[in-house]
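Close look at the chain arrangement
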Amino acid sequence: MKRVLFFLALIVIAYQMMGCTPNTKEAPDPLVVGFSQSGTESSWRKKHTESIITALEKEDYQVLYRNGYMNQERQIQDIRTFIAYKVDIQTNDPELFVTHIGPSFKAEGNRAGLFVSNHFTNSKKQEIRILELAGSENSTPTKLRSEGFLESINRKPTLKKDGTIDHKPPMTIVHRIVGDFIRMKGKDQMKRYLETNDLSEIDVLYSHSDEMTHGALAAIKETSIKPGEDLIIVTIDGQEDMIENLRSGIVNCVVECKPDVGWYVANTVTRYFGNLQTGKTLPKDIFISETVFSQQNIANIPTRNY
């Protein structure tokens, strides 16, 4: 029996069992996709899982599902379980993956930073002080969302058509706390921060996920600070409960990170095995289109379903 391994940055693995006898007329066994999810820490993650499994099963693929429950070692073991099926890794890339399917995390950071820059254009403040609530340390989303945000807030003002330049006060991330994308960790980290820091000296809270933002907001309720007014809040994901906070004026900007990637995953798996016959290759990155939600487009935000 020969199996083919297909590895995505979303930790999706597919392999196909083929008959041992070349001339057999029996139909090959169905394509099997091994899906290793990182956790169940949010409604975003649950929707992400549902989207992928539903789309793959709709295409008649069998799905082997494992969940790492926010434990990297456990997820690595899950992937080893897939590999134990004696698969062949069909890629010459030393990183051992064919393509990444998902959002551009750096672009999400860019959008968050652009909102902050635009919000404080022509502000009379001498400096914009930012508190960053980051995700898991050393994870790719955390690194790229930080890089993208810094890139935008440090961008030089552009010349307007009338020849003038909008004033933008310097923007600095004065403190950075880590919440691991978890609501309770976000709350605990914010509470610890408040014990030794004056939140009234912070102008912006930039959070890498809605779950952490919920936790931070719970901690901020114990202060006299009014979120959305005294403290500009920018968060990433776009869960329905955070959109409600946007409508209520509790947060100012929600950068979308779509969990509905199932169609893209199923389509990519199909294309990959079709390409084996033609010799074509997949692009290294398949990015999902996303947007930004604020008071400017709040009336047009579709139902999130997560």
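Above this text you will find the structure in question.
An account of the accompanying structure is given in this report. The structure displayed is predicted, hence computed values, not measured ones.

The subject of this paragraph is helix α8 (residues 262–278). The end-to-end C-alpha separation of α8 is 24 Å, in line with the 24 Å expected for 17 residues at 1.5 Å each. Buried residues of α8: G262, V265, A266, T268, V269, Y272, F273 and N275, and no others. Backbone geometry just after α8 places G279 at a positive phi near 85 degrees.

Where helix α6 (residues 210–220) meets helix α7 (residues 240–247), the axes come as close as 10 Å, and the angle between the chain directions of the two elements is 50 degrees. One element, α6, and the other, α7, form an angle in the oblique class. Along this stretch, α6 crosses α7, giving a crossing that reads as left-handed. For the pair α6 and α7, contact is made by D210, T213, H214 and L217 and by D241, M242 and N245, respectively. Of the residues assigned to the contact of α6 with α7, the class counts are two nonpolar, three polar and two charged.

The next point concerns the side chain of D237. Tracing the sequence through the fold places D237 in strand β10 (residues 232–237). For D237, which is buried and forms no salt bridge, the nearest opposite charge comes from R145, at a distance of 4.5 Å. A polar atom in the side chain of D237 sits 3.3 Å from the backbone nitrogen of D210. Those residues within four positions of D237 in sequence are excluded, and the remaining contacts are W44, R145, S209, D210, V254, V255, E256, C257 and Y306.

Pairing between sheet strands relies on hydrogen bonds along the backbone, with the strands arranged either parallel or antiparallel. Overall, mixed pairing links the six strands, which are arranged β8-β7-β9-β10-β11-β13 in an open sheet. Each of the sheet's edge strands pairs with one partner strand only, and the pair in question is β8 (171–178) and β13 (292–293). Bridging between β10 and strand β11 (residues 253–256) involves four bridges; their strand directions are parallel. Paired with I236 across the two strands is V255, which belongs to β11. Along the sheet face, helix α4 (residues 140–153) touches β7 (128–134), β8, β9 (204–207) and β10 and points at about 165 degrees away from the line of β8. Helix α5 (residues 183–196) contacts β7, β8 and β9 of the sheet and is inclined by roughly 120 degrees relative to β8.

With that settled, consider the packing of helix α1 (residues 43–58) against α8. Look at α1 against α8: their axes get within 7 Å of each other, and the N-to-C directions meet at 40 degrees. The angle between α1 and α8 falls in the class oblique. Crossing of α1 over α8 shows right-handed handedness. Counting all contacts with α1, which are made through S51, I52, A55 and L56, the residues of α8 involved are G262, W263, V265 and A266. For the contact of α1 with α8, the class distribution of residues is six nonpolar, two polar and no charged.

Taking 1.5 Å per residue, 16 residues should reach 22 Å; α1 reaches 22 Å between its end C-alpha atoms and fits that length. Residues of α1 that are buried include every one of W44, R45, K47, H48, T49, S51, I52, I53, A55 and L56, and no others. Of the surrounding elements, those touching the buried residues of α1 are β3 (32–37), β4 (62–67), β10 and α8.

Moving on to the pairing of β4. With six bridges joining them, β3 and β4 adopt parallel strand pairing. Bridged to S36 within β4 is R66. Read from β3 through α1 to β4, the crossover connection turns out right-handed.

Moving on, we come to a nonpolar patch on the surface. A cluster of nonpolar side chains, M70, I182 and M184, forms an exposed patch at the surface whose accessible area comes to about 260 Å². Positionally, M184 belongs in helix α5.

This part is about the packing of aromatic side chains. Within the structure shown, the criterion is met by four aromatic pairs. Centroid distance F35 to Y65: 5.5 Å. Interplanar angle 55 degrees. Geometry classified as tilted. Here F35 is found in strand β3, whereas its partner Y65 is found in strand β4, with 30 residues between them in sequence. Overall, F35 belongs to the buried group, its relative accessible area being 0%. Given a relative accessible area of 30%, Y65 falls into the partly exposed group. Ring centres of W263 and Y264 lie 5.3 Å apart, and the angle between their planes is 85 degrees; on these two criteria the pair is classed as edge-to-face. Of the residues examined, W263 reaches a relative accessible area of 58% and is grouped as exposed. Sitting over the face of the ring of F97, K284 holds its NZ or CZ atom 4.5 Å from the ring centroid.

Basis of the calculations
- Residues numbered from 1 in each chain as written.
- Predicted model: local features only at pLDDT ≥ 70, side-chain atom pairs only at ≥ 80, totals over all residues.
- Heavy atoms only, no water.
- Helix = DSSP H or I, 4+ residues; strand = E, 2+ residues; numbered from the N terminus.
- Expected span 1.5 Å × (residues − 1).
- Buried < 20%, exposed > 50% of the residue type's maximum accessible area, 1.4 Å probe, protein only.
- Axes fitted to C-alpha atoms, helices over the stretch in contact; angles between N-to-C directions.
- Parallel < 35°, antiparallel > 145°, perpendicular 65-115°, else oblique.
- Left-handed = near helix turned anticlockwise from the far one by under 90°.
- Contact = heavy atoms within 4.5 Å.
- Nonpolar A, V, L, I, M, F, W, Y, C, P; charged D, E, K, R; others polar.
- Lys, Arg positive; Asp, Glu negative; His and termini not counted.
- Salt bridge = Lys/Arg side-chain N within 4 Å of Asp/Glu carboxyl O.
- Polar contact = N/O pair within 3.5 Å; in protein donor to acceptor, adjacent residues only side chain to side chain.
- Pairing = 2+ DSSP bridges.
- Right-handed = clockwise from strand over helix to strand, strands pointing away.
- Patch = residues over 30% accessible without salt bridge, like charges linked within 9 Å, V, L, I, M, F, W, Y side chains within 5 Å.
- Areas by Shrake-Rupley, 256 points an atom, 1.4 Å probe, with all protein chains shown as cover.
- Phe/Tyr/Trp six-rings, centres within 6.5 Å; stacked < 30°, edge-to-face > 60°.
- Lys NZ or Arg CZ within 6 Å of the ring centre and 35° of its normal.

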